[in-house]
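For reference, the chains in residue letters:
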Amino acid sequence: MYNIVVLSDNDARLKEALPVSEELSFTFTASADVQPDTECVLISQEHFSADIGETVSTFKRHGIPCAAVTFDGSDENKAKLIDKGVTDIIVFPTSAELLARHITAMLSSQRLGADVGFETFAKAVALDEQRGAFVVHESNFTNLYRFVKRLLDRSEKTAYLVKFTFSSPHKGGLEPGALEEAFLIIKMCLRRGDVVSIYGSCIFAILMGADADGAKTAAQRIVDTYQGFCCDSTYDMNYETQEIK
């Protein structure tokens, strides 16, 4: 079954238009902040019209297949989407069979480069001579995450994903340099063999061989270290852990 994230509010019209199928499972969210294991994303033009091009670019950069969904199949609307950089467009209503084929084609195209994760990991092992975790660029992290999942499927080992986010009583995004400062601390607190990456406005770490308690202990140690080194920072570091399986 394909687990598809739909970026939209609880749009009754869109929910009704999505076909019922044993191959497709849909999860609605209003946030474009999705996990790196997301298989496919459908972006509602109605709810992301202003920044749909930027949203699509972000998913492409992360290696996550995505398409815009719309009820307006006019040439004028399609041209408007294309001008914003949206090249994959699904017009509703559509049949379950056609939608499943479209999504299968999107996933197949993405899987052609799935082994990039292995190449990235191999290069990191060969070139990284510093202490701490292997640093992976944002554009390679999704493929590497998928490679780790495949690796775990074939072994009895475990791994955990830790997501570090930052909150502040002051409104607005992170100040320039704040994310990079936290990233260096996280990298140095982790072991060689772990993986770390700046991913949008958060930082992801893959803890190889960790169990649930070990992941929480490591994450809390990193938070305590960050708060100790950056005691004058206006940001609080938070974390979430999830087993990679």
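Every value quoted in this text rests on a predicted model; they were computed, and no experiment measured them.

Caption draft 1: Just the pattern of salt bridges, in detail. Evaluated as defined, the whole model comprises four salt bridges. Linking Glu 138 and Arg 61 is a salt bridge whose minimum nitrogen-to-oxygen distance equals 3.2 Å. A residue pair is termed long-range when its members are at least 10 positions apart, and Glu 138 in helix α6 (residues 138-153) and Arg 61 in helix α2 (residues 52-62) qualify at 77 residues. A salt bridge links Glu 97 to Arg 101, with the nearest nitrogen and oxygen atoms 3.2 Å apart. Placement of the pair is Glu 97 and Arg 101 together in helix α4 (residues 96-111), with a separation of four residues, close to one helical turn. Its relative accessible area of 57% is what places Arg 101 among the exposed residues.

Caption draft 2: Seen up close, the sheet that holds strand β6 (residues 134-135). Pairing in this open sheet of five strands is mixed, and the strands run β6-β8-β9-β7-β10 from one edge to the other. One side of each edge strand has no neighbouring strand; the edge strands of this open sheet are β6 and β10 (236-243). As paired strands, strand β7 (residues 159-167) and strand β9 (residues 202-208) are joined by six bridges and run antiparallel to one another. Bridging from a neighbouring strand, Lys 163 pairs with Phe 204 of β9. Sheet strands touched by helix α8 (residues 212-229): β7, β9 and β10. Its angle to β10, the strand with the most contacts, is close to 165°.

Caption draft 3: Spotlight on the sheet that holds strand β5 (residues 89-91). One open sheet holds the five strands; their spatial order is β2-β1-β3-β4-β5, and the pairing between them is parallel. With one partner strand each, in any of the chains shown, β2 (24-29) and β5 form the two edges of the open sheet. Neighbour-to-neighbour, the strand axes of the sheet open up by a mean angle of 30°, direction not taken into account. Running at roughly 175° to strand β3 (residues 40-44), α2 makes contact with β1 (2-7), β3 and β4 (66-70) of the sheet.

Caption draft 4: Spotlight on the environment of Phe 229. Tracing the backbone through its elements, the reader meets Phe 229 in helix α8. On a C-alpha basis, the gap between Phe 229 and Ala 182 in space is 9.5 Å, while along the polypeptide they are 47 residues apart.

Caption draft 5: Here's a closer look at the pairing of β2. Here β1 runs beside β2; their pairing, made up of six bridges, is parallel. Note on β2: the bridge partner recorded for Val 6 is Phe 28. For the handedness criterion, the β-α-β arrangement of β1, helix α1 (residues 12-17) and β2 is classed as right-handed.

Caption draft 6: Up close: the packing of helix α7 (residues 178-189) against α8. Two numbers describe how α7 lies on α8: the axes approach to 10 Å, and their chain directions differ by 135°. For the element pair α7 / α8, the angle class is oblique. Here α7 runs over α8; the crossing is right-handed. In contact with Ala 182, Ile 185, Ile 186 and Cys 189 of α7, α8 contributes Arg 221, Ile 222, Thr 225, Tyr 226 and Phe 229. Taken together, the residues of the contact of α7 with α8 break down into seven nonpolar, one polar and one charged.

Caption draft 7: Layout of the pairing of β3. Among the five residues that make up β3, five are buried, leaving the element largely enclosed by the rest of the structure. Residues Cys 40, Leu 42 and Ser 44 point to one face of β3 and Val 41 and Ile 43 to the other, with burial holding for every one of them. Direction of pairing for β1 relative to β3: parallel, over a ladder of four bridges. When the sheet's bridge partners are listed, Val 5 is paired in β3 with Val 41. With four bridges connecting them, β3 and β4 associate as parallel partners. Paired with Val 41 across the two strands is Cys 66, which belongs to β4.

Rules and cut-offs
Residues numbered from 1 in each chain as written. Predicted model: local features only at pLDDT ≥ 70, side-chain atom pairs only at ≥ 80, totals over all residues. Heavy atoms only, no water. Salt bridge = Lys/Arg side-chain N within 4 Å of Asp/Glu carboxyl O. Helix = DSSP H or I, 4+ residues; strand = E, 2+ residues; numbered from the N terminus. Buried < 20%, exposed > 50% of the residue type's maximum accessible area, 1.4 Å probe, protein only. Pairing = 2+ DSSP bridges. Contact = heavy atoms within 4.5 Å. Axes fitted to C-alpha atoms, helices over the stretch in contact; angles between N-to-C directions. Right-handed = clockwise from strand over helix to strand, strands pointing away. Parallel < 35°, antiparallel > 145°, perpendicular 65-115°, else oblique. Left-handed = near helix turned anticlockwise from the far one by under 90°. Nonpolar A, V, L, I, M, F, W, Y, C, P; charged D, E, K, R; others polar.

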